[in-house]
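Listed here are the chains, written in short residue letters.
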Amino acid sequence: MTEGSTRFGKTSERSAKRLLPSILACLVAAIGISLASCSSGHDEKVQASGSTVVGVTKVVKKSLGRTITLSSELVPFQEIDVYAKESGYVKKLDVDYGTHVKAGQVIALLEIPELQAQLEEDQAEIKNAANQVTRAQHELSRYQAQYQALHLQYTRLNGVFQSQPGIVAQQEVDDAQGKDLAAASQVDAGQAALEAAQSQMAAAKAKLVHDQSLFDYSKITAPFPGVITDRYANLGTLVQAGTGSSTQAMPIVRLSEDDLFRLVIPVPESYVRYVHIGDHVDVRVPSLNRTFPGKVARFSVDVREDTRTMHTEVDVPNPNRLLLPGLYADADLNLEHEQNVPTVPVQALNHEGEKITVFVVDGNGVLQDRSVQVGLETASDAEIASGLNEGEQVVVSDRSGLKAGQKVHPQEVSTMQYHEESNQ
């Protein structure tokens, strides 16, 4: 061995002696950590074997409600084709597609020459009848004057004949009486002629009113406020009278009420008992991304045999005219609603035939299997009519293997957290 190698060996020996205490200290620390880890795992196993951890939630009071969503198309509350009452040519057309009109507003004006001529003839007949009435009145006045003179003459002669016999001959009295009776008959005839003339005049006036009413139909007016959605006629178009017997009748325009819509929904038979007049309905229109308030306005009182549904109509106001005919809409119809009732999540319920139970964790951490009566039940919560009190803890986690009287360790969780964990 050389001198260099001897020096190197002595140096390594001295370094090893200095590092030995540090190496021993590290070994002791590693053994301690290993023992502590084993001890901790042992304690956790002991705790787990002593009580089972279960997820619980408290019985709370809240408001519950059930809804059903039905879909349909929005239709105008009223929509009609406007026809002409009388045949004529379109002389004036004041509306077009999209024109908003008020009730009573003139839509179109027809030219009907025949009715115009008839009105002039009626006015002439009225004038002639008025002349006949005037003539009959004059004749009656003359007859009445003659009757008064002859009646007075007969009265005087008959008075003298009765008071002073022999002064006036019986023949003179009889002649005066005959003239008096004849004059009275003329008065009656004149009165009848006057009444006949007056009747003719009344008939002529009635005919004028009738023809004027028909002529007024030359003005086509809007029966209700709305918007013109279609136009069938142009200026100069000959339109036929829209009577039931006419097959050639053509409407002038189509009018739709646009400030109020109907949503006709078929309510299934099982939900008919929940429908009431005036019930609020939320009407959602996906194409507009808007929800409009509506209410149940009317429904048939029978269920159709082919579909087992009841015809129900929801009125939807449209003051801003955002809704359009034919839009697809979803109606959320409220079925049942309870205010401030004790509730638990539906996953806390155990169904055993007709019996419903829940696992309750008492103050000592012991499980109780308790029977309950359930009221209104939704997709997520159930009303507890009896069997539980507000604030009690019910198990909502996995209940397989749990038994009444078992000691458990309750851990409060939200139902959403429980669902997320159960899906993993």
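This is a predicted model, so every value here is computed, not measured. (Residues numbered from 1 in each chain as written. Predicted model: local features only at pLDDT ≥ 70, side-chain atom pairs only at ≥ 80, totals over all residues. Heavy atoms only, no water.)

(A) How the structure looks around the overall build of the protein chain. Counting secondary structure elements, the protein chain contains four helices and 22 strands. Within the protein chain, buried positions represent 30% of all 424 residues. Carbon and sulfur atoms provide 52% of the accessible area of the protein chain, an area that totals close to 25,800 Å². (Helix = DSSP H or I, 4+ residues; strand = E, 2+ residues; numbered from the N terminus. Buried < 20%, exposed > 50% of the residue type's maximum accessible area, 1.4 Å probe, protein only. Areas by Shrake-Rupley, 256 points an atom, 1.4 Å probe, with all protein chains shown as cover.)

(B) Spotlight on the pattern of salt bridges. Counting across every chain of the model gives 15 salt bridges. We note a salt bridge from Asp 306 to Arg 304, for which the minimum N-O separation is 2.9 Å. Of the residues examined, Asp 306 reaches a relative accessible area of 57% and is grouped as exposed. One salt-bridge network, held together by shared partners, links Arg 262, Arg 298, Glu 313 and Asp 315. (Salt bridge = Lys/Arg side-chain N within 4 Å of Asp/Glu carboxyl O.)

(C) Geometry of the side chain of Asp 381. Examined against the element boundaries, Asp 381 turns out to sit in strand S20 (residues 381-386). Side chain to side chain, Asp 381 and Ser 380 meet in a polar contact 3.0 Å long. Setting aside anything within four residues of it in sequence, one finds Asp 381 in contact with Lys 62, Leu 64, Val 344, Pro 345, Val 346 and Leu 376. (Polar contact = N/O pair within 3.5 Å; in protein donor to acceptor, adjacent residues only side chain to side chain. Contact = heavy atoms within 4.5 Å.)

(D) A look at unusual backbone geometry. One non-glycine residue, Arg 321, lies in the positive phi region at around 55 degrees. If you trace the backbone, Arg 321 turns up in the loop between strand S14 (309-317) and strand S15 (328-345). Judged by relative accessible area, Arg 321 falls into the partly exposed class, the value being 41%. Phi at Asn 340 takes a positive value of approximately 50 degrees, unusual for a residue other than glycine. By the element assignment, Asn 340 lies in strand S15.

(E) View of the sheet that holds strand S4 (residues 88-93). Spatially, S7-S6-S4-S9 is the arrangement adopted by the four strands of the open sheet, whose pairing is antiparallel. Each edge of the sheet is formed by a strand with only one pairing partner; in this case those strands are strand S7 (219-221) and strand S9 (238-239). Here S4 pairs with S9 via two bridges, running antiparallel. Pairing of Tyr 89 across the sheet is with Leu 238, part of S9. (Pairing = 2+ DSSP bridges.)

(F) Inspection of the packing of aromatic side chains at higher detail. What the rule picks out here adds up to zero aromatic pairs. Note that Lys 85 overlies the ring of Tyr 217, its terminal NZ or CZ placed 5.9 Å from the centroid. Residue placement shows Arg 262 over the ring face of Phe 77; its charged tip is 4.1 Å from the ring centre. (Phe/Tyr/Trp six-rings, centres within 6.5 Å; stacked < 30°, edge-to-face > 60°. Lys NZ or Arg CZ within 6 Å of the ring centre and 35° of its normal.)

(G) Expanded view of the nonpolar core. Grouped together as the largest cluster of nonpolar side chains are 23 residues, with contacts concentrated most on Leu 74, Leu 263, Val 314 and Val 316. Secondary structure elements with two or more residues in this core: strand S2 (60-76), strand S11 (260-268), strand S12 (280-285), strand S13 (290-299), S14 and S15. Excluding residues that lie within four positions of it along the chain, Val 316 makes contacts with Leu 74, Leu 260, Phe 261, Leu 263, Val 283, Phe 292, Pro 293 and Leu 323. Core analysis: the next-biggest nonpolar cluster, separate from the first, contains 21 residues, Leu 110, Ala 233, Val 239 and Ile 252 among them. (Core = buried A, V, L, I, M, F, W, Y, C linked by side-chain atoms within 4.5 Å.)

(H) Spotlight on the packing of helix H2 (residues 113-163) against helix H3 (residues 170-216). Where H2 meets H3, the closest approach of the two axes is 7 Å, and the angle between their N-to-C directions is 165 degrees. Accordingly, the angle class assigned to the pair H2 and H3 is roughly antiparallel. Here the hand of the crossing between H2 and H3 comes out left-handed. A class-by-class count of the residues in the contact of H2 with H3 yields 27 nonpolar, 17 polar and eight charged. (Axes fitted to C-alpha atoms, helices over the stretch in contact; angles between N-to-C directions. Parallel < 35°, antiparallel > 145°, perpendicular 65-115°, else oblique. Left-handed = near helix turned anticlockwise from the far one by under 90°. Nonpolar A, V, L, I, M, F, W, Y, C, P; charged D, E, K, R; others polar.)

(I) Focus on the environment of Ala 103. Along the chain, the position of Ala 103 falls in the loop between strand S5 (100-101) and strand S6 (106-111). Separated by 120 residues in the primary sequence, Ala 103 and Pro 223 place their C-alpha atoms 5.4 Å from one another. Residues in contact with Ala 103, not counting those within four places in the same chain, are Ala 222, Pro 223, Phe 224 and Pro 225.

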